[in-house]
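Chain by chain, the residues run as shown.
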Amino acid sequence: MTLCRTLTFVLLLLAPVGPSAPPQSPRLPARRPSGEASRARRQPLFRNEWAAWSGWSVCSRSCGSGASVRTRTCLTRNPTGGPCSGDPRQYKICNTKECPPSSEDFREMQCAAFNDRPLVAGNSFQWTTFHGGSNPCELSCLALGHNFYYNFGRVLDGTACDTEPGALCVNGRCLKPGCDSILGSEQQEDACMVCGGLNTTCRHHRSVYQSSRLGAGGPFGYNEVAMIPAGATHIRVTDNSRNYLALQNGRSQFVINGNWKINIPGEYSVAGTKLLYRRSADTWESFEVPGPTQEDLHLMVLATDRNPGIEYEYWLPPGKYALHHGRSPLREAQHSANYLPWDHPAPSTTSTTSPTSTTSTTSRPPPVTTTPHWWHCGKCRRVKGRRERQRQYCQKDFVFRGRVLGKLYRGEETRYDVQILHTYRNGFRLEHREFLWVPNVCDCPPLQEGRQYVLMVRRHINHERTLNRILLEEDSYAAPYRPREDALLQPLQRLCSNAGRQPATRPAG
């Protein structure tokens with residue numbers, strides 16, 4: 001007994017002093033810290049996902065643009081996760097080739113399928129298409145010989161919508177295909193013809209052609225506005241005058257408004273693509289070419305009045321843009337290594353000094369534009385004939401039609417300022433205006449200012465690689481331009497590549 005009492009007394013001394021805690025209900029769990037509670041509530045979540053698309057179904061039409069469908073299934077991994085976002089069906093356009101001219105209209109064929117079928121009170125009728133229905137994707141057919149129509153329900157998938165060009169009816173909805181051929185898609189081609197692109201694979205060129213004069217063609221004559229290189233996309237040309245826009249292909253054949261005949265507005269084929277020509281009742285006209293073009297195009301104007309401005313724009317791949325619109329090294333100022341005393345006189349300078357500024361005026365004699373009196377010139381060599389024309393066409397770096405704008409004698413050379421009007425063959429980049437250098441001051445070959453010529457010339461780079469210029473030699477082919485020159489040059493395009501020689505590495509400087 002003594003030992004038991006002693007143990008009891010010890011236990012009482014060790015017990016905590018204070019009121020006892022209230023009894024806890026066995027049904028309530030012990031309270032946990034907030035972090036531990038959130039971990040307990042966290043459970044693995046699975047999102048519902050789409051399975052892979054099925055294959056495309058057979059096209060609803062064999063020609064004339066039908067519709068094909070594919071489906072996908074939503075894989076339910078979490079019953080509380082909600083349905084998969086998106087459409088379980090997808091439609092695409094197919095068999096877009098045109099049907100033969102003798103083919104029956106697809107909507108008309110669907111109406112004809114109900115011919116001689118009992119419909120109202122056992123009566124049967126002959127049916128034809130009725131285009132006045134409220135829903136373009138419903139089959140509304142008119143009873144022949146009667147004044148009523150009947151709605152037979154939805155049209156077949158792939159039937160054209162009457163309300164929107166290019167759209168098709170699928171599953172009772174009118175959908176237009178995107179550039180990815182998916183019906184209802186919002187994907188569009190950018191200016192570079194890239195589906196869903198951001199105009200990063202091509203460069204934009206825009207210009208305005210203005211001329212206060214009628215030009216070399218005179219009234220009711222044709223003048224070239226610009227050459228649009230092959231590969232251009234989204235070409236747009238607008239004019240608002242009493243003149244008429246015209247266009248030639250790479251073979252100098254008119255596409256619209258050629259040979260003093262004005263075409264009606266509409267769609268025309270050119271350079272492997274289509275041209276849409278518009279003209280209003282007053283003076284506004286335009287044309288658009290989606291491209292890409294397969295050959296150079298030459299924008300012309302049939303002048304009947306002064307030109308307030310022709311706006312044109314297009315897009316080119318970067319390489320072709322640099323070739324045609326980059327800075328031409330041939331246009332840079334070139335100087336002969338040998339100057340005569342009269343070619344660089346000592347300038348006379350007058351200086352006026354004021355308390356705040358100093359102004360200097362330098363005067364030089366005007367450039368020499370007449371043949372130097374000391375140069376002894378003989379008779380110019382005449383270069384002509386079919387054989388010479390063919391030989392130089394294939395051998396020279398440039399073959400083009402140009403108008404001589406100015407002439408300047410520099411030392412022992414003559415420099416012509418030439419407007420490039422039409423390129424037949426060029427192996428290097430050309431600007432719309434270039435310098436032509438002739439290694440004499442005898443006007444050989446003879447070129448007159450204001451006149452147009454067909455010129456076959458070569459690129460010249462000296463040994464030190466300090467000169468990079470177009471060289472017109474005395475034996476170069478230089479013929480006054482006549483319309484028959486185009487016909488004489490066309491057969492030569494098949495004999496040698498129309499692209500010219502491969503561009504050489506640009507010299508430094």
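In this report, we go over the structure that sits alongside the text.

Thresholds, definitions, all that
- Residues numbered from 1 in each chain as written.
- Predicted model: local features only at pLDDT ≥ 70, side-chain atom pairs only at ≥ 80, totals over all residues.
- Heavy atoms only, no water.
- Disulfide = S-S within 2.5 Å.
- Helix = DSSP H or I, 4+ residues; strand = E, 2+ residues; numbered from the N terminus.
- Buried < 20%, exposed > 50% of the residue type's maximum accessible area, 1.4 Å probe, protein only.
- Pairing = 2+ DSSP bridges.
- Salt bridge = Lys/Arg side-chain N within 4 Å of Asp/Glu carboxyl O.
- Phe/Tyr/Trp six-rings, centres within 6.5 Å; stacked < 30°, edge-to-face > 60°.
- Lys NZ or Arg CZ within 6 Å of the ring centre and 35° of its normal.

### A look at the state of the cysteines
On inspection of all chains with the given rule, the structure shows 9 disulfides. At a sulfur-sulfur separation of 2.2 Å, the disulfide partner of cysteine 161 is cysteine 174. Remark: cysteine 174 occurs in strand S10 (residues 173-175) and cysteine 161 occurs in the loop between strand S8 (159-160) and strand S9 (168-170); sequence separation between them is 13 residues. Across the disulfide from cysteine 179 sits cysteine 195; the S-S distance is 2.0 Å. Its S-S torsion of about 75° marks the bond between cysteine 179 and cysteine 195 as right-handed, since a negative value means left-handed. Taken together, the positions of cysteine 179 in the loop between S10 and strand S11 (203-211) and cysteine 195 in the loop between S10 and S11 put the pair 16 residues apart, joining distant regions of the chain. On the accessibility criterion, cysteine 179 (26% relative accessible area) is partly exposed.

### What about the sheet that holds S10?
Spatially, the 3 strands line up as an open sheet ordered S8-S9-S10, and their pairing is antiparallel. Two strands in the sheet have a free side with no partner beyond their single neighbour: S8 and S10. Pairing of S8 with S9 involves 2 bridges; the strand directions are antiparallel. Of the residues in S9, the one forming a bridge with alanine 160 is leucine 168.

### Some details on the pattern of salt bridges
Between side chains of opposite charge, pairing is possible as soon as their charged atoms come close. Applying the stated criterion across every chain yields a total of 12 salt bridges. Taking the shortest distance from any N to any O, the salt bridge between arginine 173 and aspartate 87 comes out at 4.0 Å. Taken together, the residues span a long stretch of sequence, with arginine 173 in strand S10 and aspartate 87 in the loop between strand S3 (74-75) and strand S4 (89-94) at a distance of 86 residues. According to the relative accessible area criterion, arginine 173 is partly exposed, its value standing at 41%. Across the salt bridge formed by arginine 381 and aspartate 475, the nearest N and O atoms sit 4.0 Å from each other. Residue arginine 381 is located in the loop between strand S22 (358-363) and helix H5 (386-395), and its partner aspartate 475 is located in the loop between strand S27 (468-471) and strand S28 (477-480); the two are separated by 94 residues in the primary sequence. Its relative accessible area of 29% is what places aspartate 475 among the partly exposed residues. Among the charged side chains, a salt-bridge network with shared partners connects Arg236, Arg278 and Glu288.

### What about the packing of aromatic side chains?
Two numbers describe a pair of aromatic rings. These are the distance of the centres and the angle of the planes. One pass over the structure, following the stated rule, counts 10 aromatic pairs. With centroids separated by 6.5 Å and ring planes inclined at 50°, the aromatic side chains of tryptophan 127 and tyrosine 150 adopt a geometry described as tilted. Here tryptophan 127 is found in strand S5 (residues 127-129), whereas its partner tyrosine 150 is found in strand S7 (residues 149-154), with 23 residues between them in sequence. Relative accessible area serves as the criterion here: at 34%, tyrosine 150 is assigned to the partly exposed category. Measuring from ring centre to ring centre gives 4.2 Å for phenylalanine 130 and tyrosine 149, while their planes differ by 20°; the resulting arrangement is stacked. Highlighted residues: phenylalanine 130 in the loop between S5 and strand S6 (138-143) and tyrosine 149 in strand S7, separated in sequence by 19 residues. The structure contains a cluster of three or more aromatic residues connected by ring pairs, namely Phe114, Phe125, Trp127, Phe148, Tyr150 and Phe152. Above the ring of phenylalanine 435, the side-chain terminus of arginine 415 is found at 4.0 Å from the ring centroid. Against the face of tryptophan 437 rests arginine 469, its NZ or CZ located 4.1 Å from the ring centre.

### With respect to unusual backbone geometry
For the bond from glycine 291 to proline 292, the omega torsion is -5°, close enough to zero to count as cis. Summarising the element assignment, proline 292 is placed in the loop between strand S18 (284-289) and strand S19 (297-303). Geometrically, the link from cysteine 444 to proline 445 is a cis peptide bond, its omega value of 0° lying close to zero. Inspection of the secondary structure puts proline 445 in the loop between strand S25 (433-438) and strand S26 (452-461). A positive phi angle, near 50°, is found at histidine 234, a position not held by glycine. Residue class for histidine 234 comes out partly exposed when judged on its relative accessible area of 33%. Not every positive phi belongs to a glycine, and asparagine 257 is a case in point at roughly 55°. Here asparagine 257 lies in the loop between strand S15 (254-256) and strand S16 (266-270). A relative accessible area of 0% places asparagine 257 in the buried class.

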